Amino acid sequence: MIASGMPQAGPPRNVPLPHSREIRLASGLRVIAFSRGELRQSLHIPLISSVLMVDRGAANDPVKLPGVAAMTSTLMRQGTARHSALELDLAIDAIGARLDRSAGYDANSAGAGSTTAVFPQAFALLTETVREPTFLHDEFERARTRSLSDLRLAYSSPSSLARLAAGRLIGGDSPYGHPVAGTPRSLEALTRDDIAAFHQHAFRPEHGTLLLGGDISIDDAFALAEKMFGDWHTDRHPLRDLAAVPQPPAKRRVVAIDKPDAGRTAVIVTRPGLPRNHPAYYAGAVTSAMFSGYSGRLNQEVRVKRGLSYGAGASMIWRRESGQFVASTLVDHKRAIEAVRVVLDTIESLASNPPDERELGTRKASMLGGWNRSIETSEGLIGALAEFALYGIPLDELERYSDSILAIDADDVRRFAQDHVIPDPTIVLVGDTGSYARELGTFADEVRVIPAADLDLEGL
């Protein structure tokens, strides 16, 4: 599958990692810390990073109000009991630090990073945003307007709209069936009190993990955590999480969204995936890597050999309860049928034509190169530890990650593809379907063509 002129990948290199330790504060908050100072061979870089993560995210959005978790994350940065949004910006700029936040299906996070000298100030501002956000009405309305604008932009892009539709089709009524950012209807219905209620429910010490690391000793990190979060208490009667609806089973079908004003047609082939803590995680990670990158099979078949697109790739989305496999490309409308056929054939090729040693070695080298780059900084290492903590994976597995990837062989990839990637794909197209709608029945018995103007992501 790989072009013969490509150079052979070199052997993977491991990044030396500091050991992490953890404690649990009396408040219930889990604290994980590491020190770069224990690595004698590393450069002394005077930077410290931190993240406060709660294991409540968009999957915990109220059924009728998708987007609450993401909006809460946005507004926590927009004013506290001690500082307005502007004052927060000025304070963080004055010390050259950063305050950031993120929202996903399984977690909401807030982080701070700075040079060692001013980290206590940056960490104090982070603590304020977590414990004392005010969710002022004016900031709420401003954030909602911006979010609605972002949604309109996403809906205008065939690739973004295809991903949103694919997520709904695979997630169904499960916690992963709505967009993290919500929908125009749900954002219009949101109130400031919905945001405050979600924050009260989600941001509790027993839901949280605090990660600190970099140019700081582990003992000092624990002491700082105790100082800022040791007295973090919330009410003793939290709202109960709703019972999760399972993700629907895989189903072979085609859903085409007719968008005549689209410049090209977005093509997605998708199906349900496994949870992050599944024993087949490493086989799944290597399998999806076979399709990704310039030398991956999809890009080779779609772009290099046939010139159908500027690129094609695939990814495995891992989450707490269930995941999703997504292969995608963007092509001329008149070649959409050919592109779907090539993507399906390439995915199925892993069963009939498993990778040889050269192809497997190249993909593993690419994977591990990216992995090692991602964890060589304190911020990146915190991200990796946060993922392990979130999904209940032992933290010392981080040290075995590369060996676990290298242990996957061609049979592992073939079996994973046969069981979890190839069967019953859902095919999503977004573009001018007028030139190809009649041919979609060649891929599945169930075919739906929906005008973009009539698309309802909550009812799809």
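Residues numbered from 1 in each chain as written. Predicted model: local features only at pLDDT ≥ 70, side-chain atom pairs only at ≥ 80, totals over all residues. Heavy atoms only, no water.

### Describing the overall build of the protein chain
Threshold: Put simply, DSSP H or I for four residues or longer makes a helix, DSSP E for two residues or longer makes a strand, and each gets a number counted from the N terminus. Using a 1.4 Å probe on the protein chains alone, a residue whose accessible area is under 20% of its type maximum counts as buried, one over 50% counts as exposed, and one in between counts as partly exposed. The contact criterion used throughout is that any non-hydrogen atoms of two residues lie within 4.5 Å.
A tally of helices and strands in the protein chain yields 15 helices and 12 strands. Structurally, the protein chain occupies a C-alpha span of about 65 × 55 × 40 Å along its principal axes. The 460 residues of the protein chain split such that 54% are buried. Pairs at least 24 residues apart make up 81% of the contacts formed inside the protein chain by residues separated by at least 6 positions.

### Quick word on the packing of aromatic side chains
Given two aromatic rings, one states the distance between the centres and the angle between the planes to describe the pair. Heads up, the rule is: Ring pairs are drawn from Phe, Tyr and Trp, using the six-membered ring of Trp, whenever the two centres fall within 6.5 Å, and their geometry is named by plane angle: stacked under 30 degrees, edge-to-face over 60, tilted for the rest. Put simply, a charge is over a ring when the Lys NZ or the Arg CZ is close to the ring centre, within 6 Å, and near the line of the ring normal, within 35 degrees.
The tally for this structure, following the rule as stated, stands at 9 aromatic pairs. Ring pairs connect the aromatic residues Tyr281, Tyr282, Trp318, Trp371 and Tyr401, which therefore count as one cluster. The ring of Tyr281 carries Arg276 above its face, with NZ or CZ at 3.6 Å from the centroid.

### Some words on the nonpolar core
Keep this limit in mind: The set of buried Ala, Val, Leu, Ile, Met, Phe, Trp, Tyr and Cys residues whose side-chain atoms join them within 4.5 Å is what this entry labels a nonpolar core.
Core analysis: the biggest nonpolar cluster contains 70 residues, and Ile347, Tyr401 and Leu429 have the highest contact counts within it. Looking at this core, the element that brings in the most residues is helix 11 (residues 336-352), giving 9 residues. Among the nonpolar cores identified, the runner-up in size contains 47 residues, and Ala33, Leu52, Val130 and Phe229 belong to it.

### A look at helix 5 (residues 158-171)
Each α-helix winds once per 3.6 residues, and so residues spaced three or four apart point in a common direction. How we decide: Expected helix span is taken as 1.5 Å per residue step, with the number of steps being one fewer than the number of residues.
Along its 14 residues, helix 5 runs 20 Å from first to last C-alpha, staying within 8% of the 20 Å computed at 1.5 Å per residue. Of all the 14 residues making up helix 5, 10 are buried; the element is thus mostly covered by neighbouring parts of the structure. In the core, the buried residues of helix 5 are packed alongside helix 4 (137-156), strand 7 (253-258), strand 8 (265-273), strand 10 (323-331) and strand 11 (426-431). Just downstream of helix 5 lies Gly172, where phi reads positive at about 55°.

### Things to note about helix 9 (residues 281-289)
The element helix 9 is extensively covered by neighbouring structure, given that 9 of its 9 residues are classed as buried. All of the buried residues in helix 9 are Tyr281, Tyr282, Ala283, Gly284, Ala285, Val286, Thr287, Ser288 and Ala289.

### Comments concerning the sheet that holds strand 11
Our working rule: Pairing between strands requires that DSSP locate at least two bridges from one strand to the other. Fitted lines through C-alpha atoms give the axes, limited to the stretch in contact for helices. The angle between two N-to-C directions lies from 0 to 180 degrees.
Pairing within the open sheet is mixed, and its 6 strands lie in the order 9-10-8-11-7-12. Edge strands, defined here as strands with exactly one partner in the open sheet, are strand 9 (312-317) and strand 12 (447-451). Put simply, the sheet's adjacent strands are angled 15° from each other on average, direction ignored. As defined by bridge partners, strand 8 adjoins strand 11 across 5 bridges and the pair is classed as antiparallel. Its bridge partner lying in strand 11, Ile268 is registered against Val428.

### Description of the pattern of salt bridges
Quick reminder of the rule: We count a salt bridge whenever a side-chain nitrogen from Lys or Arg sits within 4 Å of a carboxyl oxygen from Asp or Glu.
In this structure the tally under the stated criterion is 26 salt bridges. Across the salt bridge formed by Asp100 and Arg98, the nearest N and O atoms sit 2.7 Å from each other. When its relative accessible area of 24% is taken as the criterion, Arg98 is described as partly exposed. Notably, a salt bridge pairs Lys259 with Asp261, separated by 3.3 Å at the nearest N-O pair. For Lys259, a relative accessible area of 9% translates into the label buried. Put simply, Arg98, Asp100 and Glu379 are held in one network by salt bridges that share partners.

### Side note on the side chain of Thr74
Within the secondary structure, Thr74 is located in helix 1 (residues 68-76). When its relative accessible area of 14% is taken as the criterion, Thr74 is described as buried. Setting aside its immediate chain neighbours within four residues, Thr74 contacts Arg101, Ala143 and Arg146.

### Focus: the environment of Gly441
As for its placement among the helices and strands, Gly441 is situated in the loop between strand 11 and strand 12. A relative accessible area of 48% places Gly441 in the partly exposed class. Once the C-alpha coordinates of Gly441 and Ser50 are considered, the two residues, 391 residues apart in sequence, prove to be 52 Å apart.

Just distances and angles here, no functional claims.
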